[in-house]
Every structure is written in structure tokens, then in C-alpha cells.
Amino acid sequence: MKSIVIGLAMSLLCRAAFAGPQALPDAELAQVSGADGISFAINLNLNRQPDQGTGDSRLTIGHKVDGRMTYLVLRNIGGVIQMVGLNISPQTAADGTTYVALTLPGYTRFTDTGFDSISVQSDPHGPVSGNLGRISLNGEMTMQGQLRLWAH
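Cut-off values and rules
- Residues numbered from 1 in each chain as written.
- Predicted model: local features only at pLDDT ≥ 70, side-chain atom pairs only at ≥ 80, totals over all residues.
- Heavy atoms only, no water.
- Helix = DSSP H or I, 4+ residues; strand = E, 2+ residues; numbered from the N terminus.
- Buried < 20%, exposed > 50% of the residue type's maximum accessible area, 1.4 Å probe, protein only.
- Polar contact = N/O pair within 3.5 Å; in protein donor to acceptor, adjacent residues only side chain to side chain.
- Pairing = 2+ DSSP bridges.
- Axes fitted to C-alpha atoms, helices over the stretch in contact; angles between N-to-C directions.
- Salt bridge = Lys/Arg side-chain N within 4 Å of Asp/Glu carboxyl O.
- Patch = residues over 30% accessible without salt bridge, like charges linked within 9 Å, V, L, I, M, F, W, Y side chains within 5 Å.
- Areas by Shrake-Rupley, 256 points an atom, 1.4 Å probe, with all protein chains shown as cover.
- Contact = heavy atoms within 4.5 Å.

## Examining the side chain of Q121
Tracing the backbone through its elements, the reader meets Q121 in strand β7 (residues 117-121). A residue is classified by how much of its surface remains accessible, and Q121, at 6% relative accessible area, is buried. In this structure the side chain of Q121 is engaged in a polar contact, spanning 2.8 Å, whose partner is the side chain of S119.

If you want it as C-alpha cells, here you go:
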């Protein structure tokens, strides 16, 4: 008898565990307290600059103007971006409306981040037809502020 009760209890626990998350009604969700929200630390490693045997990598963005297709080509995008202090938190405004606040990262560090060239050309896979510049970022920056989002 004891083994049947234990088996039934285990069965119920397994069912509860595999039932998955349940949606909360809005009234209950409004009562949930998230304290300071969620904070993220990000270490983003983009394509490292290619070596001699790799060739090149490209990000292409197509534009059609007056029936003519041209492409903005960013060649060899890469680097490391580290961000700390990116927060998402629920907030209540003075008028009682609720919103989600996304803060800018408090600290960001760039290491060899950028691209080798930018060009505008008709063939996105062809040789780079012109070079409008190169960007290479190395250093740190701090930011403050937030982006506020309201649902309608």
C-alpha cells in the first residue's frame, strides 16, 4: 500500500513538473514584484578579422530606388563587444500607467570592433568597387538613460 501511495505521489509530481509554465491573468501578473528587474552582462564575439586563407565576410543591405537595385556592403565585420548593466524592469509612471524600462548599458568595451570597408555597388558578391571608409573601435564608454515601452 505504501508503495502505491509513493508511486501516485511521484506521478503527480512528474505531471506538475512537465505541465510547463502557466500564463497568469493580468490581475495576478500586475501583483508580481520583480524588484529591480533583470540585468544582463553581454560578451559578444563577432566574426574575427579573417586571416589570409579565409577570404572575406560581408553584410549586404539591398536598396531598390526607381527600379534600380544597389547594395550597401560592409566587409569583414568583427570584434568583441562587452556590455554590463543592461537592465529590463517594470515601472509605474506618476499617472499610474505601467511600462517596461530598458536601460542603456552602463559600461561598454570595444576590442577591434568594426569593419574593413563600406561600399555601395550593384553586385553584392563582386569585388569591392569603392571604399567609403573603415571603422575600428577600441576603448570603453559609459552611458545612462532608458528606453520606455508602453503597450496599447
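Let's pick the thread back up.
## A look at the environment of I38
Its place among the elements puts I38 in strand β1 (residues 38-46). Separated by 50 residues in sequence, I38 and I88 place their C-alpha atoms 5.3 Å apart.

## Here's the deal with the sheet that holds β7
Strand order across the open sheet formed by three strands is β2-β3-β7, with antiparallel pairing between neighbours. One side of each edge strand has no neighbouring strand; the edge strands of this open sheet are β2 (58-65) and β7. Strand-to-strand twist of the sheet, defined as the mean angle between neighbouring strand axes without regard to direction, takes the value 15 degrees. Note: strand β3 (residues 68-75) against β7, five bridges, orientation antiparallel. In the strand pairing of β7, Y71 is matched with Q121.

## Brief notes about unusual backbone geometry
The phi angle at N76 is positive, at roughly 60 degrees, despite the residue not being glycine. With respect to the helices and strands, the residue N76 is situated in the loop between β3 and β4 (78-92). Taking relative accessible area as the criterion, N76 reaches 3% and is therefore assigned buried.

## Observations concerning the pattern of salt bridges
Tallied over the full model, the rule gives two salt bridges. A salt bridge links E140 to R109, with the nearest nitrogen and oxygen atoms 3.0 Å apart. Remark: R109 occurs in strand β6 (residues 107-115) and E140 occurs in strand β8 (residues 135-142); sequence separation between them is 31 residues. Of the charged contacts in the structure, one is a salt bridge between R134 and D116, with a shortest N-O distance of 3.5 Å. Highlighted residues: R134 in the loop between β7 and β8 and D116 in the loop between β6 and β7, separated in sequence by 18 residues.

## Remarks on the pairing of β4
Judged from the nine bridges that link them, β1 and β4 form a sheet pairing that is antiparallel. Looking at the pairing, I42 lines up with M83 of β4. Remark: five residues form the turn of the hairpin made by β4 and strand β5 (residues 98-103), two consecutive strands paired antiparallel; G96 in that turn has positive phi of roughly 95 degrees.

## Topic: a nonpolar patch on the surface
Nonpolar side chains collect at one region of the surface, where I38, F40, I88 and V100 lie side by side and expose about 300 Å² of accessible area between them. Here F40 shows up in strand β1. According to the relative accessible area criterion, F40 is partly exposed, its value standing at 35%.

## Description of the side chain of T113
With respect to the helices and strands, the residue T113 is situated in strand β6. Here V80 takes part through its backbone oxygen, which lies 3.0 Å from a polar atom of the side chain of T113. Those residues within four positions of T113 in sequence are excluded, and the remaining contacts are G78, G79, V80, I81, I135, S136 and L137.

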